[in-house]
Amino acid sequence: MAEVTLVKAVNLALARAMEEDPDVLVLGQDVGVNGGVFRATEGLLERFGERRVRDTPLAELLICGASVGMAAQGLKPVCEIQFAGFIYPALDQLANHASRLRTRTRGRMTCPLVLRTPAGGGIHAPEHHSESIEAFLAHVPGLKCVTPSTPERAYGLLLSAIRDPDPVVFLEPTRLYRLAKGPVEDDGRGLPLGRAFVEREGADVTLVSWGGAMWESRAAADRLEGEGAGVELIDAASITPFDEDTVLGSVRRTGRLVVVHEAPYTGGFGAEVAARVAERALDRLLAPVERVTGFDTVMPLPKLERDYLPGVERIAAALRRALASD
Amino acid sequence: MPNVPTDPAPDLPVVARFEIRRRRYLDENGALMRPLPDSLAAPESITPLYRAMVLARTLDAKCVALNRQSRLGTYATAYGQEAVPIGVASAMRAGDVLVPSYRENAALIWRGVGIDEVLSYYAGSERGSDWAGPAHDFPTSITVGGHALHAAGAAYALQYRGEARAVACVFGDAATSKGDVYEAFNLAGVWRLPVVFVITNNRWAISTPLAKQTASETLAQKGLAAGIAVEQADGNDVVAVHEAVRIGLDRGRSGGGATLVEALTYRLADHNTADDARRYRDPAEVRAHEHAEPVGRVRRWLESVQAWSDARQAELEAACSAEVEAGVEKLFGAEPEPPSVIFDHLYAEPSAELARQRDAGLRAIAAEREAKRRG
Ligand SMILES: Cc1ncc(C[n+]2csc(CCOP(=O)(O)OP(=O)(O)O)c2C)c(N)n1
Ligand SMILES: [Mg+2]
C-alpha cells in the first residue's frame, strides 16, 4: 500500500469523490490551476475541468453562502477556506443557514456541503493562519465537525463527510499535512463520522486529543510507556458528533483522563469532554481530569508558536500528574 | 506619487461610461406611458396580476388584525409594494427558483404555497415551509441579504446541470449595504449566473431612510461594478416589474448572465406589526406616496379599457376574503405539533447524544406541560 502524506490523502479523497459522484464539485480560492495553496486540490482541474473545480473571488462569505445555495439545489459542494482564521465571515452562513436549512424546511431542503479548511499552528505562517476553531463549530447545532490526524483518517473521513447528507466542516491540521505519512488504500471506503479511534490501548490513563495535537500526544504516550505506564490514546477525530461512548468506556477502565488540544483553554472542546466525564463517569475517576491546551491568548506569531502549542513535556507532565493521584 | 488625479481633468480620456434606465408602463393614474409588452398587452393577461395583488392586500390586512388579536406573531406586510412580489412571481416559470425575503408572501402564494403554509411561519412554526409549492424554492429569509448568495449558488447548480432555468432573488434596499449581497452580485457577474436580483427599494429599513443607507444615486448602479445587467423599474407598476424580471430571467436562461432590477416603491405601512413608524417618519411623506400605490393604478387602467367594473371588483374582494378566511381557518385548524419536531429535522440521522437529549427532553417537556396544566 502506498505511503502518502495527509494532504495527498485529502487530494485522493477529493478525486475519488468527484469520480464517483458527478454532483460533487470543489470551489475556493486558488483551488484550480494552483491546486490550492497546500496542493490539496492539485490535479483536479486537469481531471475534472473548470465546471467542477471552481476558483472563486476572494470572499469567504461568498464561498460558504454560494455553497449553501448549490447544496440546496442538489449539488455536493466541497468548498475550501484557505486558512481557518478566515472562516469567521463564513460562520454567518454556517450558523444561520447551512446548519438550519433542514430544520427551516422540515426536511424539504438539505445542505450536504463540506467546508474544508486547514487549521491549527506549527507551520511558521503569518498571523491568522494558525487558528484552532473547533469549539466555535461545536456550538452550532446542525453542523458536524471532523478533524483527521492520519492520512488514512483524512481519506476515509473526508469521503464520508462528502457523502454525508448534512453540512460537515472538515478541519485539516496544517502541521500534519506533510508531517503525517501513512498507508492509504484508495479504495473509496469511508470511515464513519462520529466515531473516535483508539490508537493504542492502555490500562492506566486515557489520553484524548484530535487534529495537530495528536502528534505530540503520540510522543507523550510513547514517553510514558517508556516509564512503564499504560496510556490509552484516543483520537476523537469527530468533534461533533462526539464519540462519548468510546471515551467514557476508556475512562471507566483507566480512571484517569488527560485531554489535549491546541485551541485556547476556556470554552475549548476539552471542557466539554471533561464535563461529560464528570456527569457520566465521575464515580470511576481516580484523579482530577487534566486539560493540556493552548493558552487563553492570541495565537503567537511564528517565533513563539511552539511555546504556545501543547508540547510533549507538558502533556507528559499532565499524564504523570494524573497517574500520581489515586 | 500615484498617478491618480484628485480633480477630474477634461483632457483625461473617459474609459468607462454607464447609465441607468427606468422602466415604466402604467403611471399612477393608470395611463399608459408606453405600449404594454406583448405578453401583457391583453387586459385578461393583467387581471390575474391584479387579482393576486388584491389577494395580497386582503391577506396582509387580515394578518395585521390577527396580530392585534395576539393570534399571529410579528408579521411584515407588503402594503403598497404588492407589485414587486407579483411582478416577480408572474414573470417566473414553475421550474425557476424563487429565493424570497419576508416581504414576498404574495409571490409564494402565486407559486402555489398555501396561505396556511405561508402563515405558519408567522404563527410560530416552520412546518409550512415543507410546502405544496415548488420543492426547489427557498424558504423565506429572515436574515436581511443572507439569501443573496444562496441565489447565486442555486443559479450555479442550474448552470452546472445545463438546465434552462433561472433564479429570482428578492431583498430590500438595506440589504444592498451588506457585503454578502455585493459578493453575490460579484459572483453572478464573474460566473455569468442565471439569476435576477430584485431590490425592493421601499426607501426605508425599519426607521432608517435610504439616505442613511447609501450615498449612491440609485441602487441599480450597485450592480454595475459587478458587470451585470442593471435597470430600475417603477416598483409600483406591476407590468414594469414583471417585464424587467422576465427579460432578466430570459437572459439568464439563455446564457446571458445575471441581472439586477431595482424596483422603486414605497413602504406605506409600518415596518412590521412590532413597529410604529410614527416615531420616525412624517405622515405627510406617507400621504404623498399614497396615490402612487400599485393596486389602484391597475384598476384604473382596466377600467379605462372597459375590462373592469364595480361588480367585478365586489366579486373579487369577496373571493379574496373567502380565500384568506379559508387559509386562516386551515392554519388554526391544524393539529398542534409535538415538541419532538425540535429534534427531528436537524440531521438526516440524529447522533447518539441528540437521541439522548430528545428522550430526556421530551420527558421533561411533558412533565412541565403537565405541571402547567394542573396549575
Ligand atoms: C442581517 C440582519 N440584520 C438585521 C436584521 C433586523 N432587520 C429586519 S428587517 C430590517 C430592515 C431591512 O430593511 P430592507 O432591507 O430595506 O427591507 P424592508 O424591510 O424595507 O423590506 C432589519 C434591520 C435582520 N433581519 N437581518
Ligand atoms: Mg426597505
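For every chain, the first residue of the written sequence is number 1, and numbering continues from 1 along that sequence. Think of it this way: whatever chain is written first is A, whatever ligand is written first is 1, and the rest follow in order. Given that the model is predicted, a residue must reach a pLDDT of at least 70 before its local features are reported, and side-chain atom pairs must reach 80 or more before they are shown or counted; all residues, however, enter totals for whole chains, interfaces and linings. Excluded from the side-chain calculation are hydrogens and water; included are all heavy atoms of the structure.

In this section: the overall build of chain B. Of the regular secondary structure elements, chain B holds 13 helices and eight strands. We compute the radius of gyration over the C-alpha atoms and compare it with the globule rule, which gives 2.2 Å times the number of residues raised to the power 0.38. At 23 Å, chain B has a C-alpha radius of gyration in line with the 21 Å of a compact globule built from 375 residues. Its C-alpha atoms give chain B principal-axis dimensions of roughly 85 × 65 × 45 Å. Burial statistics for chain B: of 375 residues in total, 53% are counted as buried. Should any heavy atoms of two residues lie within 4.5 Å, those residues are considered in contact. Considering only contacts within chain B whose residues lie at least 6 apart along the sequence, 72% involve residues at least 24 apart. Under the convention used here, a 1.4 Å probe and the Shrake-Rupley method define accessible areas, while residue burial counts only the protein chains that appear. Summed over its atoms, the accessible surface of chain B is roughly 16800 Å², and 52% of this surface lies on carbon and sulfur atoms. Secondary structure follows DSSP: runs of H or I at least 4 residues long count as helices, runs of E at least 2 residues long count as strands, and numbering of each begins at the N terminus. A simple rule labels every residue: compare its accessible area, found with a 1.4 Å probe on the protein chains alone, to the largest value its type can have, and call it buried under 20%, exposed over 50%, or partly exposed in between.

Here the focus is the sheet that holds strand β9 (residues 197-200) of chain A. Residues and elements named next belong to chain A. Here, any two strands with at least 2 DSSP bridges between them count as paired. Pairing is mixed in the open sheet, where five strands are placed in the order β9-β11-β10-β13-β14. Edge strands, defined here as strands with exactly one partner in the open sheet, are β9 and β14 (290-294). Across the sheet, the mean angle separating the axes of adjacent strands is 25 degrees when strand polarity is ignored. Pairing between β9 and strand β11 (residues 231-235): three bridges, direction antiparallel. Paired with F197 across the two strands is D235, which belongs to β11. Under this scheme, a helix contributes an axis fitted over its contacting stretch, all axes are lines through C-alpha atoms, and angles between N-to-C directions fall in the 0 to 180 degree range. Strand contacts of helix α12 (residues 312-324): β10 (205-209), β13 (257-264) and β14, with the helix running at about 165 degrees to β14, the strand carrying the most contacts.

This next bit is on the interface of chain A and chain B. Counting from both sides, the interface comprises 48 residues of chain A and, opposite them, 42 residues of chain B. The contact between chain A and chain B buries some 3700 Å² in all, and 57% of this surface belongs to carbon and sulfur atoms. Per-residue buried area on chain A facing chain B is highest for Q73, R106 and R108 of chain A; these three make up 24% of the total on that side. Salt bridge, as used here, is a side-chain nitrogen of Lys or Arg placed within 4 Å of a carboxyl oxygen of Asp or Glu. Summed over the shared surface of chain A and chain B, the number is four salt bridges. Residue E126 of chain B is joined to R106 of chain A by a salt bridge in which the shortest nitrogen-to-oxygen separation is 2.7 Å. A 3.5 Å cut-off defines polar contacts: any pair of N or O atoms within that distance qualifies, except that in protein one atom must be a possible hydrogen donor and the other a possible acceptor, and neighbouring residues in sequence count only when both atoms are side-chain atoms. At the surface where chain A touches chain B, the tally comes to 21 residue pairs in polar contact (both at pLDDT 80 or more). Counting residues per element, the ones that place at least two in the side of chain A that touches chain B are β2 (24-28), β3 (53-55), α3 (60-72), α4 (88-98), α5 (101-104) and α10 (269-281) of chain A. No other element matches α3 of chain A, which puts eight residues into the side of chain A that touches chain B. By residue class, the composition of the side of chain A that touches chain B is 19 nonpolar, 13 polar and 16 charged. Accessible surface is computed with a 1.4 Å probe, and the buried area is the amount of it that two parts give up when combined, taken over both parts together. Gly is put with the polar residues, along with every residue not named as nonpolar or charged; the nonpolar set is Ala, Val, Leu, Ile, Met, Phe, Trp, Tyr, Cys and Pro, and the charged set is Asp, Glu, Lys and Arg.

The subject of this paragraph is the pattern of salt bridges. When the charged atoms of two side chains with opposite charge come close together, those side chains can pair. All names here are of chain A. Enumeration according to the criterion identifies 55 salt bridges over all chains in this entry. Residue E199 pairs with R153 through a salt bridge whose shortest N-O separation is 2.8 Å. Highlighted residues: E199 in strand β9 and R153 in helix α7 (residues 151-163), separated in sequence by 46 residues. With relative accessibility at 9%, the residue R153 sits in the buried group. A salt bridge links R153 to D235; the nearest nitrogen and oxygen atoms lie 2.8 Å apart.

Residue and element names in this part refer to chain A. Domain limits in this description derive from either an automatic procedure or a database domain assignment. When the domains of chain A are assigned, the result is domain 1 (2-184) and domain 2 (197-324). Between the C-alpha centres of domain 1 and domain 2 there is a distance of 26 Å. Tallying the contact residues gives 28 residues for domain 1 and 28 residues for domain 2. Both faces considered, domain 1 and domain 2 share a buried interface measuring about 2200 Å² in area, 56% of it formed by carbon and sulfur atoms. Its largest share of buried area at the contact with domain 2, domain 1 owes to E134, R153 and R175, together 27% of the area lost on that side. Joining domain 1 to domain 2, the criterion identifies 15 residue pairs in polar contact (both at pLDDT 80 or more). Mapped onto the side of domain 1 that touches domain 2, the elements with two or more residues apiece are α6 (134-138), β6 (144-146) and α7. A per-class count over the side of domain 1 that touches domain 2 returns 13 nonpolar, nine polar and six charged.

Our next topic: the sheet that holds strand β8 (residues 259-264) of chain B. All names here are of chain B. Taking strand neighbours across the sheet as the criterion, the six strands line up as β1-β7-β8-β4-β3-β2 in an open arrangement whose pairing is parallel. Lying at the two open borders of the sheet, with one neighbouring strand each, are β1 (22-23) and β2 (97-99). Along the sheet, helix α8 (residues 238-253) contacts β1, β3 (167-172), β4 (195-201), β7 (229-234) and β8; its crossing angle with β7, the most-contacted strand, is approximately 160 degrees.

A separate point is the packing of helix α4 (residues 115-122) of chain B against helix α11 (residues 310-333) of chain B. Helix-helix packing is described using two parameters, namely the angle between the two axes and the distance between the axes. Residue and element names in this part refer to chain B. With their axes 8 Å apart at the nearest point, α4 and α11 run at an angle of 55 degrees to one another. With respect to α11, the axis of α4 lies oblique. Two packed elements cross with a definite hand, and for α4 against α11 that hand is right-handed. Every residue of α11 that contacts α4 at I115, D116, L119 and S120 is listed here: E323, V324, G327, V328, K330 and L331. In terms of residue class, the contact of α4 with α11 is built from five nonpolar, two polar and three charged. Angles are sorted into four bins: roughly parallel if under 35 degrees, roughly antiparallel if over 145, roughly perpendicular if 65 to 115, and oblique for all others. Crossing handedness: left-handed means the near helix sits turned counterclockwise from the far one by under a right angle, and right-handed means the same turn made clockwise.

To continue, consider the site of ligand 1. All names here are of chain B. If even one non-hydrogen atom of a residue comes within 4 Å of a molecule or strand, that residue is called near it. Taken together, 15 residues lie around ligand 1, and Y102, R103, I142, N202 and W204 are the ones closest in. The contact in question runs from an oxygen atom of ligand 1 to an N or O atom on the side chain of R103, over 2.6 Å. Considering ligand 1 on its own, with 580 Å² of exposed area, one finds that the protein chains cover 71% of that surface. Tallied by class, the residues present in the shell around ligand 1 amount to eight nonpolar, four polar and three charged.

So, on to empty space enclosed by the protein. Residues and elements named next belong to chain A. Note on definitions: the grid is 1 Å and covers protein atoms alone; a cavity is a set of points where a 1.4 Å probe fits but cannot get out; a pocket is an open set with protein on both sides within 12 Å along at least five of seven lines; lining residues have an atom within 4 Å of a point. Grid points are joined across faces, edges and corners, and a volume is the space filled by probe spheres set on the points. Tallying each qualifying case throughout the model produces four cavities of 30 Å³ or more. Lining the largest cavity are 15 residues; nearest its centre among them are S132, E134, T147, G211 and G212. Counting only elements with at least two residues in the lining of the largest cavity, the list comes to β7 (168-173) and β13. Of the residues that make up the lining of the largest cavity, three or more belong to each of domain 1 (2-184) and domain 2 (197-324).

So, on to the coordination of the magnesium ion (ligand 2). Residues and elements named next belong to chain B. Counted as donors are N, O and S atoms no farther than 2.8 Å from the metal, or 3.2 Å for Na, K and Ca; water is not among the atoms, and sites may therefore look incomplete. Those donors, D173 (OD), N202 (OD1) and W204 (O), are the protein atoms that reach the magnesium ion (ligand 2), and they lie 2.1 Å from it. We note that the donor set of the magnesium ion (ligand 2) lies within a single chain, spaced as D-x28-N-x1-W. Here the two residues N202 and W204 agree in accessibility, since each one is buried.

When you line up the elements, S141 of chain B lands in the loop between α4 and α5 (148-160). For S141 of chain B, the side chain forms a polar contact with the side chain of H147 of chain B, separated by 3.5 Å. Among all residues touching S141 of chain B, those that are not within four sequence positions of it are H97 of chain A together with P100, S101, Y102, G146 and H147 of chain B.

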